[in-house]
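So the chains spell out like this:
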Amino acid sequence: MRGFFIVLQYELREYFKSKGFVAMTLILAILGAGALFLPRFIDMSDFTGTGVQNEVADQGHQADEKEDASAGDPDETLYIYDQAGVMNMEVLQGFFANEKWITADSVKEVEDAVQAQTAQAGFVVTKVDAYDYYVYNKGMNDSKSSLFEEALRICYQMQYCEQNNLDYAQITQMYQMPITVNEQILNKDTRSNYWYCYFLVILVFMLIVMYGQMIAVSVTSEKSNRAIEVLVTSTTPNSLLFGKVIAGAIGGLLQIGIVLGAILVSYQINRAQWGGMLDMLLHIPASVLVTFAFFGMGGYLFYAFLYGAMGALVSKTEDISKSSSGLMMVIMVVYFFSLMQLMNPEGMVIKVLSFLPISSYSTMFARIAMGTVSTWEIAVSFIILVISIVGAGFVGAKLYRMGTLRYGNPIKLRTALKSIRSKE
């Protein structure tokens, strides 16, 4: 036990003495917190919808200036040729409030204007229920055609009502009766909770991959420079592996805790200035954060022990990726399955994944945030994860002990497991 604490103290000292580790932690925390304080010092009303100031008196004047300035701007000009005689310009202006409409006398005039790029787009209404849309380059977010289609539909309805002595306003009121909805969510709002779950799944995945690789590199480096030969004579391989993994867990938890804590606290302080627009990412319930801390750290420990063992199976750092490729494949598959199942928190697949130690670190807190989970399910899942961590620790320690003093070509995992089994 004494050897474990010596290794743990040494590894932690290496983390905290690392200028890169400290600098990265502080930079990320300061940048994250600073970005969330921006609305207090900069007018971000166009983005947040909660302006520092609102110059009501100047709005009409500014709108007039904008309309005059954009009169000849091709990005704000639309052409229309109404062969069917159905279009109502007031309706069009309602759908296209920022564009100036020019009435053409022929199809060719519309086509020429668009071809010369003096107009952003053009419309030729051929029938009461058909039109041609002219555009030079159609962008991915071009919604003008769908807006015009709706405007044409309304214009046709207005014309039909006028021809048949019907009151369009009354008919519209009947069909568009306002409905008042008061949502009473008795458990979880899956839609609003989805994005912070998505964010936390990515975060724990990055934690496992980044720190797992660091542990594997640390083990292989000691083996390549022969330092491991001195270390194994001073303490046990179990103390070495457990000390490295626990130190990495503490270092990772501290780094992520400082950065994530700074961001979450800064957002809570400035939530009113942001108008609550980042709630879907940063307004995370305490129960989800606690579950994330326990299951996320459990998943990290589970994979960290295996990464340490993979590092002991090779003698050169450049061989680590080859040794840990199978482990990385498992992590990636779990990662993608977890993200895909977030849309179905009550499905059988995510329920099964929430009990498996290879995936419960991400799927269980997602179920807690977005679905219904019994207390016994959380307890059983966590017990399975803890038992698996201990098992992975002892298996990893045996692989570590077996591989530390073997040099040369990388040892295959199957060969290493056979060697351990034969010794037992």
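Conventions we followed
- Residues numbered from 1 in each chain as written.
- Predicted model: local features only at pLDDT ≥ 70, side-chain atom pairs only at ≥ 80, totals over all residues.
- Heavy atoms only, no water.
- Helix = DSSP H or I, 4+ residues; strand = E, 2+ residues; numbered from the N terminus.
- Buried < 20%, exposed > 50% of the residue type's maximum accessible area, 1.4 Å probe, protein only.
- Contact = heavy atoms within 4.5 Å.
- Areas by Shrake-Rupley, 256 points an atom, 1.4 Å probe, with all protein chains shown as cover.
- Phe/Tyr/Trp six-rings, centres within 6.5 Å; stacked < 30°, edge-to-face > 60°.
- Pairing = 2+ DSSP bridges.
- Polar contact = N/O pair within 3.5 Å; in protein donor to acceptor, adjacent residues only side chain to side chain.
- Salt bridge = Lys/Arg side-chain N within 4 Å of Asp/Glu carboxyl O.

With that settled, the discussion passes to the overall build of the protein chain. A count of helices and strands for the protein chain gives 19 helices and four strands. Taking all 424 residues of the protein chain together, the buried fraction comes to 40%. In the protein chain, the share of contacts with a sequence separation of at least 24, taken over all contacts with a separation of at least 6, comes to 72%. Roughly 23,900 Å² of accessible area belongs to the protein chain as shown, and the carbon and sulfur atoms make up 60% of that amount.

Given two aromatic rings, one states the distance between the centres and the angle between the planes to describe the pair. Counted under the stated rule, the structure contains 24 aromatic pairs. For the ring pair Tyr-211 and Tyr-300, a centre distance of 6.3 Å and an interplane angle of 85 degrees mean the geometry is edge-to-face. In this pair, Tyr-211 sits in helix H9 (residues 190–224) while Tyr-300 sits in helix H13 (residues 286–312), placing the two residues 89 residues apart along the sequence. Pairwise contacts between aromatic rings join Phe-96, Trp-101, Phe-123, Tyr-131, Tyr-133 and Phe-148 into one cluster.

Now for the pairing of strand E3 (residues 121–127). Burial runs high along E3: five of the seven residues are buried. Strand direction decides the pairing type here: strand E1 (residues 77–82) and E3, joined by five bridges, are parallel. Bridge assignment links Asp-82 to a residue of E3, and that residue is Val-125. As paired strands, E3 and strand E4 (residues 130–135) are joined by six bridges and run antiparallel to one another. Pairing of Gly-122 across the sheet is with Tyr-134, part of E4.

Within the secondary structure, Leu-306 sits in helix H13. Separated by 91 residues in the primary sequence, Leu-306 and Ile-215 have C-alpha atoms spaced 9.7 Å apart. In contact with Leu-306, not counting residues within four places along its chain, are Leu-327 and Ala-392.

Within the fold, Glu-377 resides in helix H18 (residues 375–403). A polar contact of 3.2 Å, which involves the side chain of Glu-377, links it to the side chain of Arg-367. Not counting residues within four places of it along the chain, the set of residues in contact with Glu-377 comprises Phe-355, Met-364, Arg-367 and Thr-372.

Taken across its 11 residues, helix H17 (residues 360–370) has 11 buried, putting it largely inside the fold. Every buried residue belonging to H17 is among Ser-360, Tyr-361, Ser-362, Thr-363, Met-364, Phe-365, Ala-366, Arg-367, Ile-368, Ala-369 and Met-370, and all of these are buried.

For the rest of this paragraph, the subject is the pattern of salt bridges. Tallied over the entire structure, the rule returns four salt bridges. Connected through shared salt-bridge partners, Glu-149, Glu-150 and Arg-153 make up one network.

Turning to the side chain of Ser-266, a few remarks are in order. Take Ser-266: it is sitting in helix H11 (residues 237–269). Excluding residues that lie within four positions of it along the chain, Ser-266 makes contacts with Ala-33, Leu-36 and Phe-37.

So, about unusual backbone geometry. Backbone geometry places Gln-117, a non-glycine residue, at a positive phi of 60 degrees. Mapped onto the fold, Gln-117 is located in the loop between helix H6 (107–115) and E3. In this structure, Asn-165 is a non-glycine residue whose phi angle is positive, near 55 degrees. Within the secondary structure, Asn-165 sits in the loop between helix H7 (144–163) and helix H8 (168–175).

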